[in-house]
Each structure stands twice: as C-alpha cells, then as structure tokens.
Protein chains: 2
Amino acid sequence: MGSIGHVTPQRMHFAQPLPLKSGAQLPDYTLAYETYGTLNEARSNAVLVCHALNASHHVAGTYAGQEKSEGWWNNLVGPGKPLDTDRFFVIGVNNPGSCFGSTGPRDLNPATGQPWGADFPVVTVEDWVNAQARLLDELGIEQLAAVIGGSLGGMQALSWTIQHPQRVRHALVIASAPNLSAQNIAFNEVARRAICTDPEFHGGHFYAHGVVPQRGLRVARMIGHITYLSDDSMEAKFGRALRAAELAYSTQQIEFQIESYLRYQGDKFSEYFDANTYLLITRALDYFDPAREHGGDLSAALAKATAKFLVVSFTTDWRFSPQRSREIVQALLDNGSDVAYAEIDAPHGHDAFLLEDPRYHGVVRAYFERVAAEISAVSSPAVAVSKLREAA
Amino acid sequence: MGSIGHVTPQRMHFAQPLPLKSGAQLPDYTLAYETYGTLNEARSNAVLVCHALNASHHVAGTYAGQEKSEGWWNNLVGPGKPLDTDRFFVIGVNNPGSCFGSTGPRDLNPATGQPWGADFPVVTVEDWVNAQARLLDELGIEQLAAVIGGSLGGMQALSWTIQHPQRVRHALVIASAPNLSAQNIAFNEVARRAICTDPEFHGGHFYAHGVVPQRGLRVARMIGHITYLSDDSMEAKFGRALRAAELAYSTQQIEFQIESYLRYQGDKFSEYFDANTYLLITRALDYFDPAREHGGDLSAALAKATAKFLVVSFTTDWRFSPQRSREIVQALLDNGSDVAYAEIDAPHGHDAFLLEDPRYHGVVRAYFERVAAEISAVSSPAVAVSKLREAA
C-alpha cells in the first residue's frame, strides 16, 4: 500500500443554473474536484466520494510543496488501499456552499457584485447530489460503480440511490443516519446561535467589514468536536489530566488538558472555516429527511433504489448511533434490497469513520473487492450475465 | 399531601471570613436560607438540601403574592411528601458565589467598593459544605439526620460525609458523580468560552458597563439544556416537528420546534442568571474530585465517612450516568459502609432528579421513613438500641 502521491485539484465551471430544492437556484457556479486512478474503457469503475461538514474534494494524496497536505480519507483511498485507486477511478468533489474551492458564500453574488455572504442560497443534500451528477455528465460517467460517504457524506450516498437510482450500482453509507434527531438538530442550532450572535457576524455580511466571527466559530467547533468523540475515548485520551502540576483555581485560565485541546481545535478551525458555510452545511444536515415526503416511511422513500448497499456504523458513535444505521438497513430489507451491514466495535465515536481501524477497513476492502469483481466480470465477455448473478 | 404554603427566605450574616480551598478567603458574607417544618427538641430531625447549578435556598413552598414561585424541589419536599416537613426540619441554603441571595459576584468587594465580578474568589464544593456547616452551627444543629442533593447537590452531600463525618447520619446522593468526566468538563468549558468571549463580558466586570453578556449566557444555557435531557425524551417531545407548515429554507430563522424551545430557554436564563456565577459554579463542578488527594482512590477518600447512604441514578442520564453512581456505591461497599442503591428506569435524562417519578419518589420516601424511624426510636427511651439495630 502506497500513497497516491501528489495530486492536483481541478475546477469545472457550469454556466447553467442549478435548480435548488428550496425553489431558488444557484446561478453559474464552479465545482472543485480531484480524481485518482484511471477511468476504464467501459467507464464502469468510477467511485464518487462525498464529503461531510469539514472536508472537501481533497480526499487522498498530497499537494506538491505543501507539508501535512494529506487528503481527509488518505488512509482509505490509494493504491492497494480499501478503496483501491489501482482498480477504481475515484472522484472527490467539493459541494457548492462549502469554502474549499467550489462556489460558496465568499464568492461574488453576480446580482450584486458583492460576496454572497448570508444570501448564498440554502443548499440541500439533494442539491449537492444533483450538482455531483452534472459533474459526472461532464466527465462522461453515466453510471457509478459506487458512491461512498461518511456522516453527511453517507446521506449524500443514500440520496444518490433515491434521486438517480439508475446511475449508481453500489452505495456505501458509513456512520450516517436517515435524518437528524432532535438532539442532533439541537447541537447544530447552538453552534449556529454562537456564530449568528457574534457581533462580528454582521448578519452574515462580515466580509464587507473586514472581520470574521471567530468567537462564534470557535464555540461551534468545540461543540462539534465533543459530539464527534465518544465519552470513553475522551476519557482515555484526556481524563481529568491537568495542564500544570497544581490547580490555579481560576474560572478563565486553562486547568484541564481537555480544555486546552478544545480551545486549540476551536482556534485552528476559526482561522480557515467560513461562518456562512457552517450555517449552510449544518442546515443541509437538519433538512435531510428523505422519508418526510413519504409520510415518514423510509422504505417508501427508498423504494426506487436499485443499488446494493453497505451500511457501516460504530458502536460508540453517539452522534449517529448504530440504531440510526439499523433504521436504514431495516428500510432497505423491507424493500428486498441487497444490503450488507457492519456494526464496528470501535472506541472512537463518530470520528471512527475517518480513522484507520482494521475491522472497519477490512469490511470496506472486502466490499470493494466485490464491486471490482463485478466490473471485471462485466468487462470480460466470456462471463455470462447469469454466472455473474450467481457469483454475487 | 399538601403544599408547604407560603415561605419566607431568611438571611444570616457571617463576620468571620470563610477560608477557601484555593488558599484565598471569603471576607464577611451573607447566606440566604429557608427552613420548613419544626426542629424537634433533641435537634435530631434536621435535613439539609443542597442545590445544583441553577437553584437556590428556595427548595419548597411559594412566596406570598408571587405566581409560579414554587421551590425547585416542591414535588419532593412538603407535608406528607417523600421528604416530609411534618417530620423533618428541612433547611435550604444558597451557596456563596451564586446569584440568588447569598454573597456572590454581583455584591460589593469590600476591598474595592465595586462589585466582585470576576474577582469573586473561586469556591469549591468543599467550601460550600463548610459554609453550610457554619450556618448549622448558628441554627444550633450539631448533627444532620440527613443531607440530600441531586447532581452538584449530590456532590455536596457526598462531601459532607468526608468533611464532617460526625455531623451527618445519612447522605442521599442523587444523579451525581464522584467527579466530572472529560466530556463533562468539555461541555462546561464550551459554555464558559461562550460567556468569556462575549464582548459584553468585559473580563467579568460587565456590571460597571451597564451590560450583561446575554449572548454567551444563552449559548451556555442551550448547551446545558441539551445535556440535561435524554436523546429519547428530546425525540419524544420535539422530534423533527416543524414550527410552520412549510420549510422556510433559512439558516437563521427557526424551522424546528426544538430550536424554538432551546432559544426560549436560553433567553429566559440570560435575563436572570449571573455570568460570573455560571463560571464559578461550573468550575466548582470541574474541581470536585475527592479521590484526587488519595491518588485517585475513592474508597480511601470516603474511608472516614460514617454516614449511611442512599445513591440514586437514572438509566437515561448521560450527563452523570448510572456508571458514575455505581463508582460511588462500589467505593462505599469497599469500605463496608451501609449503602442502598437504586437505578431508576426513567426516560428524562439528568433532569429526572427534579421530576416527579413514582418509583424515584417511592425510593426516597422509603429511605426517609427509615431515617424518621431511627429518630423516633432514639427519642423513645423504651426502645433499646439493640432492638433498633434489629429493625434497621
């Protein structure tokens, strides 16, 4: 297993507006994306990787001349890795509304010539999937071998099977949920309030004031971080360890290591993440609820899905608990869909989907071997379709 | 069972400074307190109620001419109630550093003639217990029949048995923990950062500026509120219910009922709670760790305790989970202490300790009947001590 090496981000401009679920539309826009591996002649080995809140099209590899520039899923995607770039043509794409290269709130609103700011149209998981589908059109990919994502990325993978059932053969839905719980929405709302009530937010038009609502972003990130880690892993990593040998008896100074860690995470995040993007992406999470238009019936929502599924959850993930993944599995089983489910006993909470756990990676690797075997079988005219079905 | 009726808060001034665990001291100070019921001739029926973050000496009854002025534990304390004021002399006391009547950050620092603000000395659970003990001295109560508290109040009850073992016969430790976990500290720290980075905090000296860091207090309260409720009870009460018939597709407007509820709770809280008190009380929570001075050995910390214990936890409390209560029980059992433990199957999360649950209240009632029986037995010379022991 090696690294994918240096990669180069690409950009594609779309002149045709993107109609959005809200009824609004996104005028001409640009998507940042990366690809790894080679598209085969049959164009049948493409795998789309969908990102979550704080990630981008930079899934794997590094940027030349930039230290610590590994992609966010570099441990999973690469030559000989579970998602093997020697076999698959892997595409990472930054969603519109994000702040890592695709059109977002920092860009200019063509109607005003000023940054979009808080006026950037509200985007949903469904809108992102449609934007991704257009990119695939341009890349000449009619059907994906697989779509994969964790957390919010898993919601996109799930949505692909509903919105474009004919365009996706496999969906890998990892550490995800069919919608947010009241508690999930509650945490998002606190984070949003922290940002929106920061005086430097200026109603979302802070760019014009030359400031950034860093205080709000810090608090938002700290809250998020707590929900990404399990109680146990936080206990194991920090416990009640003190920063100094003695207590300072202070309400504002740092006493415990966990405080130091959280403040550091908040500071770092507030220096690069866009506040309006935080609002947009947490809202996309809140809104995602494919069952809603079917009276709350998730099976009905997934009735048109023809993909095969791998659903993965992690035992200590209290943000998107295994119970939420089992809801997806049950709905798929009710429809007679082909679904494999793995509940990984991992200590790391929601963050586990980003980490290198042998059991987790083993499951994903095995699944992609199945996907690859199907591609080889189809590519080889000697194998009859009936035999392929038998093997699957 | 009736209400205790109208009650009147009292105040007691202490001219002698209170030495604090930090090494500092609190100069002359005042404690607000209330008492219900009658102290018997033997002065053996006193029960001290310790409060948690957002509560006070006003435990039960109402204030004349004030609507909705029921004490915070009015469902538990009163004539014929589980803590029966027909049998017990119940004392509620507001802790120094709080903002409900006892000396706190809003009061004047005698050294400067200005409000204490952020200079109010850092107080600990141990300091509060010592302040409470001094109040009992003044009330002529040498020994408590029982001390009871939930959450942070339970920590005070536990600490009483360590600091003043001879002065407490029973301790009821409810929905509490032997110390905060890393995750508990993390939530406190986010709340504190929200307050301290609010520009209207002014380093804790906002009184002089005629402002209040309400934005920070709101966020702090919203975070707290999420941790008080169970995921399930939040789901049952709010789920994904919308406030309007249709989605507005907005990042800043309220879409979900849970958002409306949290914002309301935050607004209300920010209008009456003192920001410096929030910092002080969350820090007292962080610091509490009786095992620390015994190399992490909780049994050693509790070795001198002679009280009998009732420990109660609630199955869905993820803030102070049953596991944390079982740590206390185990340490007491290791010492051969007399301890009863009840794990109540209740859906309401940490908040359950404030609610009227028949199983929970049944356990507390039964325990106090035992405490009352001991008092009667001791009061009646006809009952031999051996017989009493037999009955217990």
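Residues numbered from 1 in each chain as written. Chains lettered and ligands numbered in written order. Predicted model: local features only at pLDDT ≥ 70, side-chain atom pairs only at ≥ 80, totals over all residues. Heavy atoms only, no water.

Chain A is annotated in an unreviewed UniProt entry as Homoserine O-succinyltransferase from Azohydromonas caseinilytica. Of chain A, the UniProt comment under Subcellular location (unreviewed entry) reads exactly: "Cytoplasm". (UniProt positions renumbered as here; feature names shortened; annotations may be inferred.)

Peer 1: Please explain the overall build of chain A as it appears in this structure.
Peer 2: Per the secondary structure count, chain A includes 11 helices and 12 strands. Relative to the globule expectation of 21 Å for 392 residues, the C-alpha radius of gyration of chain A, 21 Å, shows essentially globular dimensions. Seen through its C-alpha atoms, chain A measures out along the principal axes to roughly 75 × 55 × 50 Å. Out of the 392 residues belonging to chain A, those deemed buried represent 60%. (Helix = DSSP H or I, 4+ residues; strand = E, 2+ residues; numbered from the N terminus. Rg over C-alpha atoms; globule rule 2.2 N^0.38 Å. Buried < 20%, exposed > 50% of the residue type's maximum accessible area, 1.4 Å probe, protein only.)

Peer 1: Just to check I follow, could you spell out the pairing of strand β10 (residues 170-174) of chain B for this structure?
Peer 2: The two faces of the sheet receive side chains in turn, since in a regular strand these alternate between them. Residues and elements named next belong to chain B. Burial within β10 is extensive, with five of its five residues counted as buried. Neither face of β10 is exposed, since H170, L172 and I174 on one face and A171 and V173 on the opposite face are all buried. As paired elements, strand β9 (residues 146-150) and β10 share four bridges and run parallel to each other. Residue pairing across strands places I148 opposite L172, the latter belonging to β10. A crossover connection joins β9 to the parallel β10 through helix α2 (residues 152-163); in handedness this β-α-β unit is right-handed. The pairing of β10 with strand β11 (residues 308-314) spans five bridges and is parallel. For L172, the partnering residue across the bridge sits in β11 and is L310. (Pairing = 2+ DSSP bridges. Right-handed = clockwise from strand over helix to strand, strands pointing away.)

Peer 1: Explanation requested: the relation of the copies chain B and chain A in the structure shown.
Peer 2: Turning one copy of the chain about an axis and sliding it along that axis gives the other copy, so a rotation and a shift relate them. Between chain B and chain A, which share one sequence, the superposing operator has a rotation angle of 180 degrees and an axial displacement of 0.0 Å; the RMSD is 0.0 Å. Both copies of the chain, as the preceding transformation shows, are related through a two-fold rotation axis. A symmetric contact is evident, with 100% of the interface residues of chain B recurring at the interface of chain A. (Least-squares fit on C-alpha atoms with pLDDT ≥ 70 in both. Contact = heavy atoms within 4.5 Å.)

Peer 1: Would you take a moment to explain the packing of aromatic side chains for this structure?
Peer 2: The geometry of two aromatic rings is summed up by the distance between their centres and the angle between their planes. Residue and element names in this part refer to chain A. Enumeration over the complete set of coordinates arrives at 38 aromatic pairs over all chains. Seen from their ring centres, F100 and F273 are 5.8 Å apart, and the 70 degrees between their planes marks the pair as edge-to-face. With F100 in the loop between β8 (89-93) and α1 (125-139) and F273 in the loop between α6 (257-272) and α7 (275-287), this residue pair connects regions lying 173 residues apart in the sequence. What makes F100 partly exposed here is its relative accessible area of 26%. Both rings, one in F273 and one in Y278, keep their centres 6.0 Å apart while their planes meet at 80 degrees; by these two values the pair is edge-to-face. (Phe/Tyr/Trp six-rings, centres within 6.5 Å; stacked < 30°, edge-to-face > 60°.)

Peer 1: I keep staring at α6(A) and nothing clicks. Help me out?
Peer 2: Given 3.6 residues per turn, any residue in an α-helix points the same way as the ones three and four places further on. Under the 1.5 Å per step criterion, the end-to-end length of α6(A) is 24 Å for 16 residues, consistent within 8% with the ideal 22 Å. Restricting attention to buried positions, one finds in α6(A) the residues A:I258, A:E259, A:Y261, A:L262, A:R263, A:Q265, A:G266, A:F269 and A:S270. Summarising the contacts, the buried residues of α6(A) are in contact with α4 (214-228), α5 (231-237) and α7 of chain A together with α3 (182-196) and α7 (275-287) of chain B. (Expected span 1.5 Å × (residues − 1).)

Peer 1: What should I look at first to understand the pairing of β11(B) in this one?
Peer 2: The buried fraction of β11(B) is high, at six of seven residues. Considered for its hand, the β-α-β crossover made up of β11(B), helix α9 (residues 322-334) of chain B and strand β12 (residues 339-344) of chain B is right-handed.

Peer 1: Is there a simple way to think about the UniProt feature "active site" (unreviewed entry) in chain A in this case?
Peer 2: Residues and elements named next belong to chain A. Residues given the UniProt feature "active site" (unreviewed entry) here are S151, D317 and H350. Separation in sequence by 200 residues is not matched in space for these annotated residues, since their most distant C-alpha atoms are only 10.6 Å apart. You can see S151 is positioned in the loop between β9 (146-150) and α2 (152-163). Owing to a relative accessible area of 4%, S151 belongs among the buried residues under this scheme. S151 has contacts with A52, I174, A175, S176, R319, F320, H350 and F353, leaving out every residue within four places of it along the chain. By secondary structure assignment, the location of H350 is in the loop between β12 (339-344) and α10 (358-379). Judged by relative accessible area, H350 falls into the buried class, the value being 2%.

Peer 1: Could you clarify how one ought to interpret the interface of chain B and chain A in this entry?
Peer 2: Many analyses report the size of an interface as the accessible area lost when the parts associate. Of the residues lining the interface, 58 residues belong to chain B; the matching set on chain A comes to 58 residues. Where chain B abuts chain A, roughly 5,000 Å² becomes buried across the two surfaces, and 63% of that area is made up of carbon and sulfur atoms. When the buried area of chain B at its contact with chain A is split by residue, B:R240, B:Y249 and B:T251 rank highest and sum to 16% of it. The tally of links between chain B and chain A comes to eight salt bridges. For A:R192, the salt bridge identified is with B:E259, shortest N-O distance 2.8 Å. Here chain B is connected to chain A by 24 residue pairs in polar contact (both at pLDDT 80 or more). Only α3, α4 (214-228), α5 (231-237), α6 (257-272) and α7 of chain B provide two or more residues apiece to the side of chain B that touches chain A. The element best represented in the side of chain B that touches chain A is α3(B), accounting for 11 residues. Residues that form the side of chain B that touches chain A fall into these classes: 31 nonpolar, 12 polar and 15 charged. (Buried area = accessible area lost by both parts, 1.4 Å probe. Salt bridge = Lys/Arg side-chain N within 4 Å of Asp/Glu carboxyl O. Polar contact = N/O pair within 3.5 Å; in protein donor to acceptor, adjacent residues only side chain to side chain. Nonpolar A, V, L, I, M, F, W, Y, C, P; charged D, E, K, R; others polar.)

Peer 1: Looking at this model, I keep getting lost on the sheet that holds strand β5 (residues 46-50) of chain B. Mind explaining?
Peer 2: Hydrogen bonds between backbone atoms are what pair the strands of a sheet, whose relative direction is either parallel or antiparallel. Residue and element names in this part refer to chain B. In space, the eight strands of this open sheet follow the order β1-β4-β8-β5-β9-β10-β11-β12, with mixed pairing throughout. The sheet is open, and its two edges are formed by β1 (10-14) and β12, each paired on a single side. The mean angle between the axes of side-by-side strands here comes to 20 degrees, regardless of whether they run parallel or antiparallel. (Axes fitted to C-alpha atoms, helices over the stretch in contact; angles between N-to-C directions.)

Peer 1: Please explain the environment of B:K304 as it appears in this structure.
Peer 2: Residues and elements named next belong to chain B. Relative to the helices and strands, K304 resides in the loop between α8 (298-301) and β11. K304 gets classed as exposed once you look at its relative accessible area, which sits at 65%. The sequence separation of K304 and R106 amounts to 198 residues, and the corresponding C-alpha distance is 37 Å. Setting aside anything within four residues of it in sequence, one finds K304 in contact with T161 and P165.

Peer 1: What is the right way to read the packing of α3(B) against α7(B) from this model?
Peer 2: To describe two helices that pack against each other, one gives the angle between their axes and the distance between the axes. Residues and elements named next belong to chain B. Relative orientation of the contacting elements α3 and α7 amounts to 160 degrees, with a least axis distance of 10 Å. On the basis of their axis angle, the class for α3 and α7 is roughly antiparallel. In this structure, α3 meets α7 at a crossing whose hand is left-handed. Taking contact as the criterion, the partners of I185, N188, A191, R192, I195 and C196 in α3 are, on α7, A275, Y278, L279, T282, R283, L285 and D286. In terms of residue class, the contact of α3 with α7 is made up of eight nonpolar, two polar and three charged. (Parallel < 35°, antiparallel > 145°, perpendicular 65-115°, else oblique. Left-handed = near helix turned anticlockwise from the far one by under 90°.)

Peer 1: Please explain the UniProt feature "site: Important for acyl-CoA specificity" (unreviewed entry) in chain A as it appears in this structure.
Peer 2: All names here are of chain A. UniProt's entry tags R319 with the feature "site: Important for acyl-CoA specificity" (unreviewed entry), counted in the numbering of this structure. In this structure, R319 sits in the loop between β11 (308-314) and α9 (322-334). If we skip the residues at most four places from it in the chain, R319 touches S151, N184, N188, T227, Y228 and H350.

Peer 1: How do you make sense of the environment of B:Q25 when you look at a structure like this?
Peer 2: Residues and elements named next belong to chain B. Following the sequence through the fold, Q25 ends up in strand β3 (residues 25-26). Counting along the chain gives 95 residues from Q25 to F120, while the straight-line C-alpha distance between them is 10.0 Å. Leaving out residues up to four positions away in the same chain, Q25 has contacts with P17, L18, P19, L20 and P121.

Peer 1: Just checking my understanding: could you explain unusual backbone geometry for this structure?
Peer 2: It is generally the case that most residues other than glycine have a negative phi and that most peptide bonds are trans. For A:Y249, which is not glycine, the phi torsion reads 50 degrees and is therefore positive. In this structure, A:Y249 sits in the loop between α5 and α6. With a phi close to 50 degrees, B:H202 is a non-glycine residue in the positive phi region. Tracing the backbone shows B:H202 in the loop between α3 and α4.

Peer 1: Just to check I follow, could you spell out the pattern of salt bridges for this structure?
Peer 2: Side-chain pairing between opposite charges can occur once the charged atoms of the two side chains come close. Residue and element names in this part refer to chain B. Going through the model one piece at a time under the given rule, you end up with 38 salt bridges over all chains. The closest approach of N and O atoms between E343 and R326, which form a salt bridge, is 2.6 Å. Taken together, the positions of E343 in strand β12 and R326 in helix α9 put the pair 17 residues apart, joining distant regions of the chain. With relative accessibility at 36%, the residue R326 sits in the partly exposed group.

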